[in-house]
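Listed below, chain by chain, are the residues.
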Amino acid sequence: MKHGLPVTTLGMLLLAGCSFDSVRPALPQPEVVAHRAGAADAPENTLLAIGKALANHSDVLWLSVQVSADGVAMLYRPADLAALTDAQGAVGSKSLEQQRRVNAGYQFKDAAGNYPYRAQPQAIPTLAEALQAIAPTVPVFLDIKAQPVGEVIDAVARTLDQQQAWSRVRFYSTERDASDYLAQHYGDRARRFESRDATRNRLVDLALAGRCSPPAAGAWMGIELERDLTVTEQFTLGLSSYPVKPAKLWTPQAMACVRRAKGTKVVMFGINSAAAYGAARELGADAVMVDSPASVPAYRRAGLQPGG
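You'll find the chain entered in an unreviewed UniProt entry as Glycerophosphodiester phosphodiesterase, with Pseudomonas denitrificans given as the organism.

Structure representation (structure tokens):
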């Protein structure tokens, strides 16, 4: 008896011009996280950006949080209002009332090089306003952006209590003391990513030394698909540093390592091209963070093309 595909099946494949590779099961599409509510599509962290991100079918909203002078959790990222608005100074130096007069879209430039929101001012929203504009079924990742982190986190916590929104939110910060403060003061109800340092060190150690240190079960991990790094080694006579540009942090080996822990979730940052989206999907990312949710359909279509 000869082994192989039945004649009818083989004929169908040949007629369709398919290879065995092209009929493998489709990879799942990672969820889309709108970075700063879609910073490339509208003024970041505004209600307008949130509305556009939701209209473009984002699965999760990533929002940056600071605190006003009178203790209100506000959505804004840079250290100075001058970076994005028509005002100056830190968010923490102005009251909510003062910030109501600030145009958060003042510096936003569209693809044609115009500043459309100078004539259509966009307010800096409060976290409460954002949560009210987002359906409870849509998760929110909150990036704690300012020091001291305790003041920001306490302001966020007051809002989450008022809005009964703890279950909708997961915290992220580049500052390790934010994770420590959340754990110490808010315990298990403050769901959070593992610290950025822990994720980076885990992946770099695997890449350089071949050591796999899986995270805790159920950990959420978020870091760039690839980024520039400086590696420093210590020798008897001193330190030696050298750049790695770019370093690909997520690899098949890295994914196999972190998946040893049950329930691990991987969010890959900086996914702003069809190539990056395809790479993240091939690696099995649970979610990808994008600046332009409006561009995601094109990324997905590119991945469905022959050879994509």
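A tally of regular secondary structure across the chain gives 10 helices and 10 strands. Among the 308 residues that make up the chain, the fraction classed as buried is 42%. Counting only contacts in the chain whose residues sit at least 6 apart along the sequence, the fraction spanning at least 24 positions is 58%. Taken as a whole, the chain presents about 16000 Å² of accessible surface, with 52% of it coming from carbon and sulfur.

Now for the state of the cysteines. According to the stated counting rule, one finds one disulfide in the structure shown. Two residues share a disulfide in this structure: Cys 212 and Cys 257, whose sulfurs sit 2.1 Å from each other. For the disulfide bridge between Cys 212 and Cys 257, the dihedral angle about the S-S bond is near 95 degrees, and by the sign convention the bridge is right-handed. One end of the pair, Cys 212, is in the loop between helix H7 (196–209) and strand S6 (220–224); the other, Cys 257, is in helix H8 (residues 252–258), with 45 residues separating them in the sequence. Relative accessible area serves as the criterion here: at 25%, Cys 212 is assigned to the partly exposed category. Residue class for Cys 257 comes out buried when judged on its relative accessible area of 4%.

Attention now goes to unusual backbone geometry. Across residues other than glycine, the phi torsion is negative in most instances, and most of the peptide bonds are trans. Going from Gln 147 to Pro 148, the amide bond is cis rather than trans, its omega being -10 degrees. Tracing the backbone shows Pro 148 in the loop between strand S4 (140–144) and helix H5 (149–163). Of note, Asn 45 is a non-glycine position whose phi angle comes to about 65 degrees, a positive value. Here Asn 45 lies in the loop between strand S1 (31–35) and helix H2 (47–55). Accessibility expressed as a relative area gives 1% for Asn 45, which makes it buried. One non-glycine residue, Gln 164, lies in positive phi territory at about 50 degrees. With respect to the helices, strands and loops of the structure, Gln 164 is situated in the loop between H5 and strand S5 (169–172).

Among the residues of helix H6 (residues 176–186), Ala 178, Ser 179, Tyr 181, Leu 182 and Tyr 186 are the ones counted as buried. End-on, the buried residues of H6 take up no more than an arc of 165 degrees, which puts them together on one face. Tucked into the core, H6 has its buried residues touching H5 and S5. At the exit of H6 stands Gly 187, carrying a positive phi of roughly 55 degrees.

Within the secondary structure layout, Arg 36 lies in the loop between S1 and H2. Separated by 3.5 Å, the side chains of Arg 36 and His 35 make a polar contact. When sequence neighbours within four positions are dropped, the list of residues in contact with Arg 36 reads Glu 44, Asn 45, Trp 62, Ser 64 and Arg 77.

This prediction gives the chain a mean pLDDT of 89; 84% of its residues lie at or above 70. Segment residues 1–24: pLDDT under 50, and eight contacts once partners within four positions in sequence are set aside and those in other chains are kept.

Conventions and cut-offs
- Residues numbered from 1 in each chain as written.
- Predicted model: local features only at pLDDT ≥ 70, side-chain atom pairs only at ≥ 80, totals over all residues.
- Heavy atoms only, no water.
- Helix = DSSP H or I, 4+ residues; strand = E, 2+ residues; numbered from the N terminus.
- Buried < 20%, exposed > 50% of the residue type's maximum accessible area, 1.4 Å probe, protein only.
- Contact = heavy atoms within 4.5 Å.
- Areas by Shrake-Rupley, 256 points an atom, 1.4 Å probe, with all protein chains shown as cover.
- Disulfide = S-S within 2.5 Å.
- Arc of directions from axis to C-beta.
- Polar contact = N/O pair within 3.5 Å; in protein donor to acceptor, adjacent residues only side chain to side chain.
- pLDDT = per-residue confidence, 0-100.

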